[in-house]
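# Summary of the model geometry
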Amino acid sequence: MTVLKRVSIFVLLGLVLSGCSSSKDWRTASRESAGIAPDPSATNEAVLQVYGADAWGWRGWFAIHTWIAAKRTGDDAYTVFDVIGWRGRNGQPVMRITQDAPDRYWYGEKPRIIKEYRGAGVDRLINAVEQAAHDYPWKATYKVFPGPNSNTFTAWIAKRVPELELNLPLSAIGKSYVE
């Protein structure tokens with residue numbers, strides 16, 4: 001191998017590895033609302049949204065994190081259904097159902113809506129999503145690959161509630177764990 005090839009390989013490897021480290025810190029990354037979801041206090045109709053955002057760090061190059069947010073007719077807050085792996089390190093269940101901002105940045109990454117329903121009939125969908133979440137079999141188990149992970153959870157909901165007609169993108173790694 002010529003010296004030029006070796007130098008080129010080292011330069012390329014250096015560029016790739018430098019991209020793997022990030023000056024971002026998850027502790028200070030934005031978790032603010034992205035302003036995507038309708039204001040629950042000003043929106044009487046039911047709202048169900050499935051979100052995705054690039055995964056944290058280098059995983060975001062090829063993978064997303066997904067979650068579901070819902071507000072029943074007349075409610076003034078959203079319920080968020082999600083799985084967060086690092087909760088398991090503290091002995092907590094990785095799956096949670098809680099009132100929260102529906103459209104938070106995922107540790108600095110802006111979320112996008114994958115699927116949305118509003119208005120008549122959505123309360124029934126929300127009830128089905130909530131029941132499927134309670135039936136989720138891996139509430140305390142998390143594995144980045146092949147799953148179960150956050151995308152496994154969202155795929156589980158989609159499979160149990162086919163009326164959602166939810167097809168997660170290819171970048172939702174872990175979605176195939178339930179198939």
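Here's a quick rundown of the structure. (Residues numbered from 1 in each chain as written. Predicted model: local features only at pLDDT ≥ 70, side-chain atom pairs only at ≥ 80, totals over all residues. Heavy atoms only, no water.)

### Let's talk about empty space enclosed by the protein
Evaluated as defined, the whole model comprises one cavity of 30 Å³ or more. Every residue along the wall of the largest cavity is listed here: Arg31, His65, Trp67, Val80, Asp82, Arg96, Asp100, Ala101, Pro102, Arg104 and Trp106. Its residues placed into classes, the lining of the largest cavity shows five nonpolar, one polar and five charged. (1 Å grid on protein atoms, 1.4 Å probe; cavity = no way out; pocket = protein on both sides within 12 Å on 5 of 7 lines; lining within 4 Å. Points joined across faces, edges and corners; volume = space filled by probe spheres on them. Nonpolar A, V, L, I, M, F, W, Y, C, P; charged D, E, K, R; others polar.)

### A word on the packing of aromatic side chains
The geometry of two aromatic rings is summed up by the distance between their centres and the angle between their planes. Applying the stated criterion across every chain, the model contains ten aromatic pairs. Taking the centre distance of 5.5 Å and the plane angle of 75 degrees together, the rings of Tyr136 and Trp138 count as edge-to-face. We classify Trp138 as partly exposed; its relative accessible area is 21%. Connected via pairs of aromatic rings, a cluster forms that spans Tyr51, Trp67, Trp86, Trp106 and Tyr107. (Phe/Tyr/Trp six-rings, centres within 6.5 Å; stacked < 30°, edge-to-face > 60°. Buried < 20%, exposed > 50% of the residue type's maximum accessible area, 1.4 Å probe, protein only.)

### Regarding a nonpolar patch on the surface
Judged by side-chain polarity, Trp58, Trp61 and Phe62 come together as a nonpolar surface patch covering roughly 370 Å² of accessible area. On the secondary structure map, Phe62 appears in the loop between strand E1 (47–54) and strand E2 (64–71). (Patch = residues over 30% accessible without salt bridge, like charges linked within 9 Å, V, L, I, M, F, W, Y side chains within 5 Å. Areas by Shrake-Rupley, 256 points an atom, 1.4 Å probe, with all protein chains shown as cover. Salt bridge = Lys/Arg side-chain N within 4 Å of Asp/Glu carboxyl O. Helix = DSSP H or I, 4+ residues; strand = E, 2+ residues; numbered from the N terminus.)

### A look at the side chain of Asp100
When you line up the elements, Asp100 lands in the loop between strand E4 (95–99) and strand E5 (112–118). Judged by relative accessible area, Asp100 falls into the buried class, the value being 18%. Beyond its immediate chain neighbours, meaning those up to four positions away, Asp100 contacts Tyr78 and Val80. (Contact = heavy atoms within 4.5 Å.)

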